[in-house]
Amino acid sequence: DLPQYGHKQWQSYFGRTFDVYTKLWKFQQQHRQVLDSRYGLKRWQIGEVASKIGQLYYHYYLRTSETSYLNEAFSFYSAIRQRSYYFQVNKEDRPELVVKKLRYYARYIVVCLLLNKMDLVKVLVKELSEEIEDYTQRFNTEDQLEWNLVLQEVAAFVEADPVVVLNDNNSVVVTSNRLQEGSVPPLEQGMVVGQLVLADALIIGNCNNQVKFSELTIDMFRMLQALEREPVNLATQTSKQGTLEPNEKPAKRENPHKYLLYKPTFSQLFTFLSASFKELPANSVLLVYLSATGVFPTGNSDYEGPYDFGGVLTNTNRDVVNGETVQKRNQAQKEMHCLHPGDLFPFTRKPLFVIVDSSNSTAYKNFTNLFGQPLVCLLSPTVYPKTVQDQSQRGSLFTLFLYSPLLAFSSVCGLNSVRRGLWERAQEFLHKVYRDIGQMITRSRTIDQAFLQFFGDEFLRLLLIRFVFCSAALRLHKLFRV
């Protein structure tokens, strides 16, 4: 319940909570026999403690962006299943206990999705489906539809990628799209670029009808991975049960800190923006990623200022009819539930990197740099061919290019699957293309200096290069020529 913004506000509370659960976990390990025989400790109660610890680690990952905590959450959730802690719950005539088990499954699935353990996700979804069926048959509860919706959401999430990579035996290859060693073109020797570092990122998802799971749209899911490094030995890392030491942080933050905002209101969005801006260290960059439905201006204005082009939608409780928002205001007034370009102007006092994926991304085209700080806006296409538009529920093509250019390129070419050997050869070729694009950017005499000031950071360098590749690919594709 603590506010997620503000790095310092919540850490002491988390530390104390971890301490309590560490002691509780060790206590039940040391005195398990007495607790079993004298006090009737049930296995699901141990599972509940382990589940809470997994949940704490997951939230610690969300607040710090350190993927090592995601691994810790996975190890606890995995142990619960391996040791069948919740097995006896189904024999108890208590629906609230079964709900605990279902929630555990949902949380475990989220962690597995974030760790790209897709084979395990499919197994867990099957188990969750059976548990939900059993739960709804035994207890005539009102939340049956909600749990069925959870199943539908995760199934759609798993199937969201438009192209799959196949082995020779037709099994699906799971590809990771986090930043890996050697995946970013190195800077040429003697090349002078800015020393700015990406420190904070706001990832905002507010698209109507886009695939989502657990307050994470598919676009948000892809962008958060594009802003993380591949954890070292992710497959082999294991955690000893009961060793909870979240305060032992790595000396250097590997990933930029991220805020994930699903359908925020304007006030929520502005609060998080302000907190990020306030805490941004010197020589650091704030990234704002907006994946949201476009809001278009109504009526004509004599003066075209930063509030006259519309922007992207922020959440509101207004009526929505057939996906179109019902307007109940004077035509001369500006849209209130909208992030206008002008709303971001105060934050350009520090280096700002903006990505807008929206049907009205062009609203941010006339973004004025008032304070002379480095500023870049990467804008999505506003119109797509019908074949691409029909796929928009499975995520935006523009974000897909920033996340996995080869996946997006294959999709645009109409492919549903690619053989592993061909995929790997194409990736090698793409790395050469990246290198060429990087050299074109750094050797250009006419390019805006802001691009070079951001080019020293590996995450931003890769985003800029992928943006250029996306722009070139779509401009040259016959379907995109108007």
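### Points about the overall build of the protein chain
Logical step 1: Helix and strand counts for the protein chain come out as 15 helices and 13 strands.
Logical step 2: Counting across all 482 residues of the protein chain, residues that qualify as buried make up 50%.
Logical step 3: Within the protein chain, residue pairs in contact and separated by at least 24 positions form 75% of the contacts whose partners lie at least 6 positions apart.
Logical step 4: Accessible area of the protein chain: about 24600 Å², with a carbon and sulfur share of 51%.

### Here we look at the sheet that holds strand β3 (residues 197-206)
Logical step 1: Judged by pairing direction, the sheet is parallel, and its 5 strands sit side by side in the order β4-β3-β5-β11-β12 without closing on themselves. Both edges of this open sheet fall to β4 (257-262) and β12 (375-379), since each of them pairs with a single strand only. Neighbour to neighbour, the strand axes of the sheet diverge by 10° on average, direction disregarded.
Logical step 2: Of the strand pairs in this sheet, strand β11 (residues 352-357) and β12 are connected by 5 bridges, and their pairing is parallel. Note on β12: the bridge partner recorded for valine 356 is leucine 379.
Logical step 3: Along the sheet, helix α9 (residues 266-279) contacts β3, β4 and β5 (284-292); its crossing angle with β3, the most-contacted strand, is approximately 175°.
Logical step 4: Relative to the sheet, helix α15 (residues 458-476) contacts β3, β5, β11 and β12, its axis offset from that of β12 by approximately 45°.

### Observations concerning the packing of helix α6 (residues 118-138) against helix α7 (residues 144-158)
Logical step 1: Running from amino to carboxyl end, α6 crosses α7 at an angle of 165°, the nearest separation of the two axes being 10 Å. Put simply, α6 runs roughly antiparallel to α7. The handedness of the crossing between α6 and α7 is left-handed. On the side of α6, the interface is formed by Val121, Lys122, Val125, Leu128, Ser129, Ile132, Tyr135 and Thr136, while α7 contributes Gln144, Trp147, Asn148, Val150, Leu151, Val154 and Val158.
Logical step 2: Its residues assigned to classes, the contact of α6 with α7 comprises 10 nonpolar, 4 polar and 1 charged.

### Here's the deal with the sheet that holds strand β7 (residues 311-313)
Logical step 1: Spatially, 3 strands are ordered β6-β7-β10 in an open sheet, and the strand pairing comes out antiparallel. The open sheet has two edge strands, β6 (294-295) and β10 (338-339), and neither has a second partner.
Logical step 2: Two elements, β7 and β10, share 2 bridges in a ladder whose sense is antiparallel. From the neighbouring strand, valine 312 faces β10, where its bridge partner is leucine 339.

### A look at helix α8 (residues 218-226)
Logical step 1: By the criterion of burial, α8 is predominantly enclosed, with 9 of the 9 residues buried.
Logical step 2: For α8, the set of buried residues is Ile218, Asp219, Met220, Phe221, Arg222, Met223, Leu224, Gln225 and Ala226.

### Quick notes on the packing of aromatic side chains
Logical step 1: Tallied over the entire structure, the rule returns 27 aromatic pairs.
Logical step 2: Seen from their ring centres, tyrosine 259 and phenylalanine 272 are 5.2 Å apart, and the 75° between their planes marks the pair as edge-to-face. With tyrosine 259 in strand β4 and phenylalanine 272 in helix α9, the pair connects residues that are 13 residues apart, well separated along the chain.
Logical step 3: By relative accessible area, which is 2% here, tyrosine 259 ends up buried.
Logical step 4: Accessibility expressed as a relative area gives 11% for phenylalanine 272, which makes it buried.
Logical step 5: Pairing phenylalanine 270 with phenylalanine 347 gives two aromatic rings, centres 5.4 Å apart and planes at 70°, and the pair type is edge-to-face. Taken together, the residues phenylalanine 270 in helix α9 and phenylalanine 347 in the loop between β10 and β11 connect sequence positions 77 residues apart.
Logical step 6: With a relative accessible area of 5%, phenylalanine 347 lands in the buried category.
Logical step 7: Against the face of phenylalanine 74 rests lysine 117, its NZ or CZ located 4.6 Å from the ring centre.
Logical step 8: Positioned over the ring face of phenylalanine 455 is arginine 461, at 5.9 Å from the centre of the ring.

### Remarks on the pattern of salt bridges
Logical step 1: This structure, assessed with the given rule, holds 14 salt bridges.
Logical step 2: Among the salt bridges present, the one from glutamate 96 reaches arginine 94, with a minimum N-O distance of 3.0 Å.
Logical step 3: Among the residues examined, glutamate 96 registers a relative accessible area of 41% and is labelled partly exposed.
Logical step 4: Note that glutamate 153 and lysine 212 form a salt bridge whose closest N and O atoms lie 3.1 Å from each other. With a gap of 59 residues between them, glutamate 153 in helix α7 and lysine 212 in the loop between β3 and α8 connect regions that are remote in the sequence. As far as burial versus exposure is concerned, glutamate 153 and lysine 212 are alike and both buried.
Logical step 5: Each member of the salt-bridge network shares a partner with another, and the members are Glu48, Lys52 and Lys100.

### Considerations on unusual backbone geometry
Where the residue is not glycine, phi is negative for most of them; where a peptide bond is considered, it is trans in most cases.
Logical step 1: With phi around 70°, asparagine 170 is a residue other than glycine that occupies positive phi space.
Logical step 2: Its relative accessible area of 47% is what places asparagine 170 among the partly exposed residues.
Logical step 3: Backbone geometry at glutamate 215 places phi at a positive 55°, although glycine is not the residue there.
Logical step 4: Looking at where glutamate 215 falls in the secondary structure, it is placed in the loop between β3 and α8.
Logical step 5: With a relative accessible area of 54%, glutamate 215 lands in the exposed category.

### Let's talk about the side chain of serine 404
Logical step 1: Of note, serine 404 is situated in the loop between α11 (397-403) and α12 (405-412).
Logical step 2: Leaving out residues up to four positions away in the same chain, serine 404 has contacts with Asn177 and Trp423.

### Here's the deal with the packing of α12 against helix α13 (residues 420-443)
Logical step 1: As a packed pair, α12 and α13 sit with axes 10 Å apart at the nearest point and diverge in direction by 110°. Put simply, α12 runs roughly perpendicular to α13. Considering only the axes of α12 and α13, their crossing is right-handed. Touching Pro405, Leu406, Leu407 and Ser410 of α12 are Trp423, Ala426, Gln427, Leu430 and Tyr434, all from α13.
Logical step 2: Each residue belonging to the contact of α12 with α13 can be placed in one class, and the counts come to 7 nonpolar, 2 polar and no charged.

### A word on the confidence of the model for the protein chain
Logical step 1: This prediction gives the protein chain a mean pLDDT of 87; 90% of its residues lie at or above 70.
Logical step 2: Scored below 50 in pLDDT, residues 234-252 makes 34 contacts in the model with residues more than four places away or belonging to other chains.
Logical step 3: A low-confidence stretch, residues 318-322 (pLDDT under 50), is modelled with 9 contacts involving residues beyond four sequence positions or located in other chains.

Criteria and thresholds
Residues numbered from 1 in each chain as written. Predicted model: local features only at pLDDT ≥ 70, side-chain atom pairs only at ≥ 80, totals over all residues. Heavy atoms only, no water. Helix = DSSP H or I, 4+ residues; strand = E, 2+ residues; numbered from the N terminus. Buried < 20%, exposed > 50% of the residue type's maximum accessible area, 1.4 Å probe, protein only. Contact = heavy atoms within 4.5 Å. Areas by Shrake-Rupley, 256 points an atom, 1.4 Å probe, with all protein chains shown as cover. Pairing = 2+ DSSP bridges. Axes fitted to C-alpha atoms, helices over the stretch in contact; angles between N-to-C directions. Parallel < 35°, antiparallel > 145°, perpendicular 65-115°, else oblique. Left-handed = near helix turned anticlockwise from the far one by under 90°. Nonpolar A, V, L, I, M, F, W, Y, C, P; charged D, E, K, R; others polar. Phe/Tyr/Trp six-rings, centres within 6.5 Å; stacked < 30°, edge-to-face > 60°. Lys NZ or Arg CZ within 6 Å of the ring centre and 35° of its normal. Salt bridge = Lys/Arg side-chain N within 4 Å of Asp/Glu carboxyl O. pLDDT = per-residue confidence, 0-100.

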